[in-house]
Amino acid sequence: MYAMDDLIDTKRGLQSASMFIDPHLYEVEMEKIFGRCWLFLTHESAIPNYGDFVTAKMGEDEVLVVRQADGTVKAFLNVCRHRGARVCPVEAGNRRAFVCSYHGWSYAADGSLATVPFEKELYGGKIDRCAHGLKEVAKVDSYRGFLFGNFDPGAISLEDYLGDVRWYLDIWMEASGGVELIGAPARSIVHCNWKAPTENFVGDAYHVGWTHASSLAVSRSMFSPMSGNQRLPPAGAGAQIATRFGHGLGILYDVNPGGQPAQTAEKILAWQATKKGKIAEKYGELKARFYGSHLNGSLFPNVSYLWGTNTFKIWQPRGPSETEVWTWAIAEKDTPEDLKRDIYNGVHGTFGTAGYWEADDNDNMESASLLPTGWQSRKLRLNAQMGIGNDTVMDEMPGVIGQAAIGETSYRGYYRFYDEILKLPSWDAFDLNDEGWKQQLIDADC
Ligand code: UNU
Ligand code: FES
Ligand code: FE
């Protein structure tokens, strides 16, 4: 059994390797993190009309996300209130009612129990239908079309929870004119802890040149000069951002198409050039520059995205050593159809189930997650000290900033909040206005 106080050392930028394997900690994560944080469900555009639904995962709980008659969205556990069978077995569609395949109880789009076969004859009026509606997720809200759910009725609002990272999300979610997730997500299983890929996307520009050396060499993308660590991005080539709730990102300036293969990259650059002037006018030069930059980021606890490599992912926990990955392509809504197609193909070729970048990463994710099963290996500390002591605040960019393209500032920010929420008794005890977290990161040093 681990000691909670020993798990994360924010001051020195260290984490216990046991956090990737400990079954007891995993249960605590389900309760304290997945039971209380805002979790990504789907994009509004996937369920535009009354009765449209998708299934999604919130931790290990499967939920039905359903567009209501009044245009709002509700989410319910996809679990029948009779004997617990799965109510809706398909991933997406349109229904006025959801009928359980076991005994045929049916539920309306608002989750209420609508009909029970032979109710009068078999239950003689003794079943309380009002008490047997589908269990509703306490809160559902959306940010710029991205829908999130929260099991905790006392949780802070989605807006507050996203906090400082909204400024960065707005670069691609708002200034771009808005985005959509294309098609159904690709789904696959990786034998890793859910935090391993999430921490990688929150702030690991370090591994790109090395882990992805051959992918970079063959694809001739804008990242290719990094292949095999032949070249370090020059000083001033990027920045890293950490925020209050663990959300963080890395920016590589002016290379938006990132890992997209050369032909698609060219088209993306040409397309973005047509939009940049207007974006600069409306949102300022800095946001226009970031729009044309590559952003790699994660939203706490388990969503990741690459603005530029057009990838949007959720890492769904299935026990401490297994993760189900869902991968979508992101595109600006107004992208021409043929370019959208190229982007979609590019994403699924790089970061989809059989993507070559994905395959590069998965070996590392699995070894980093599975080796700490060893009793001695588990006692090691993982090191996220790169750039420690240089983190700072800036006037023009929210959050705590690491002023280098490669560093571990957002790793430290991610695990700072991970530690805080594991120890937080309840959201009532949380002070939204406490700025102490910034100093914690700035003061960190080894
Ligand atoms: O996957 C990542 N973490 C990443 C990809 C980071 C930077 C650039 C590209
Ligand atoms: Fe980073 Fe081994 S060099 S995990
Ligand atoms: Fe990678």
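- Named according to an unreviewed UniProt entry, the protein is Aromatic ring-hydroxylating dioxygenase subunit alpha originating from Sphingobium algorifonticola.
- Of the comments in the UniProt record for the protein, the one headed Sequence similarities (unreviewed entry) reads "Belongs to the bacterial ring-hydroxylating dioxygenase alpha subunit family."

**Side note on the sheet that holds strand β20 (residues 381–383)**
- Across the sheet, which stays open at both edges, the 3 strands sit in the order β1-β2-β20 with antiparallel pairing between neighbours. Two strands close off the open sheet at either side, each with one partner strand: β1 (8–9) and β20.

**Describing the domain arrangement of the protein**
- For the protein, the assigned domains read domain 1 (4–24 + 159–443) and domain 2 (39–142).
- Area buried by domain 1 at its contact with domain 2 is led by Leu 181, Arg 187 and Pro 317, which between them contribute 31% of it.
- Our count for the domain 1 to domain 2 interface comes out at 1 salt bridge.
- A salt bridge links Glu 91 to Arg 187, with the shortest nitrogen-to-oxygen separation between them at 3.6 Å.
- On the surface where domain 1 and domain 2 come into contact, there are 2 residue pairs in polar contact (both at pLDDT 80 or more).

**Comments concerning unusual backbone geometry**
- Pro 301 follows Phe 300 through a cis peptide bond whose omega is 5 degrees.
- By the element assignment, Pro 301 lies in the loop between β16 (294–299) and β17 (303–307).
- The backbone of Phe 118 shows a phi angle near 55 degrees, a positive value even though the residue is not glycine.
- Judged by relative accessible area, which is 58%, Phe 118 ranks as exposed.
- The phi dihedral of Asp 254 is positive, around 65 degrees, even though this residue is not glycine.
- If you trace the backbone, Asp 254 turns up in the loop between β15 (248–252) and α9 (262–283).

**With respect to the environment of Gly 248**
- Its place among the elements puts Gly 248 in strand β15.
- Separated by 227 residues in the primary sequence, Gly 248 and Ile 21 have C-alpha atoms spaced 24 Å apart.
- Once residues lying within four places of it in the same chain are set aside, the contact partners of Gly 248 are Val 202, Ile 241, Asn 296, Gly 297, Ser 298, Tyr 305 and Ser 410.

**So, the coordination of the iron ion (ligand 3)**
- Summarising the metal site, the iron ion (ligand 3) is bound by the protein donors His 207 (NE2), His 212 (NE2), Asp 361 (OD) and Asp 361 (OD), whose distances to it range over 2.1 to 2.4 Å.
- What the 4 donor atoms of the iron ion (ligand 3) show is an angle range of 57 to 151 degrees at the metal, which sorts the shape as irregular.
- In terms of primary sequence, the donors binding the iron ion (ligand 3) are separated according to H-x4-H-x148-D. Here the residue His 212 occupies a position in the loop between α7 (208–211) and α8 (213–219), and Asp 361 occupies one in helix α12 (residues 356–370), the gap between them amounting to 149 residues.

Conventions adopted
- Residues numbered from 1 in each chain as written.
- Chains lettered and ligands numbered in written order.
- Predicted model: local features only at pLDDT ≥ 70, side-chain atom pairs only at ≥ 80, totals over all residues.
- Heavy atoms only, no water.
- UniProt positions renumbered as here; feature names shortened; annotations may be inferred.
- Pairing = 2+ DSSP bridges.
- Helix = DSSP H or I, 4+ residues; strand = E, 2+ residues; numbered from the N terminus.
- Domains from an automatic or database assignment.
- Buried area = accessible area lost by both parts, 1.4 Å probe.
- Salt bridge = Lys/Arg side-chain N within 4 Å of Asp/Glu carboxyl O.
- Polar contact = N/O pair within 3.5 Å; in protein donor to acceptor, adjacent residues only side chain to side chain.
- Buried < 20%, exposed > 50% of the residue type's maximum accessible area, 1.4 Å probe, protein only.
- Contact = heavy atoms within 4.5 Å.
- Donors = N, O, S within 2.8 Å, 3.2 Å for Na, K, Ca; no water.
- Tetrahedral: all angles 85-135°; square planar, octahedral: opposite > 155°, others 65-115°.

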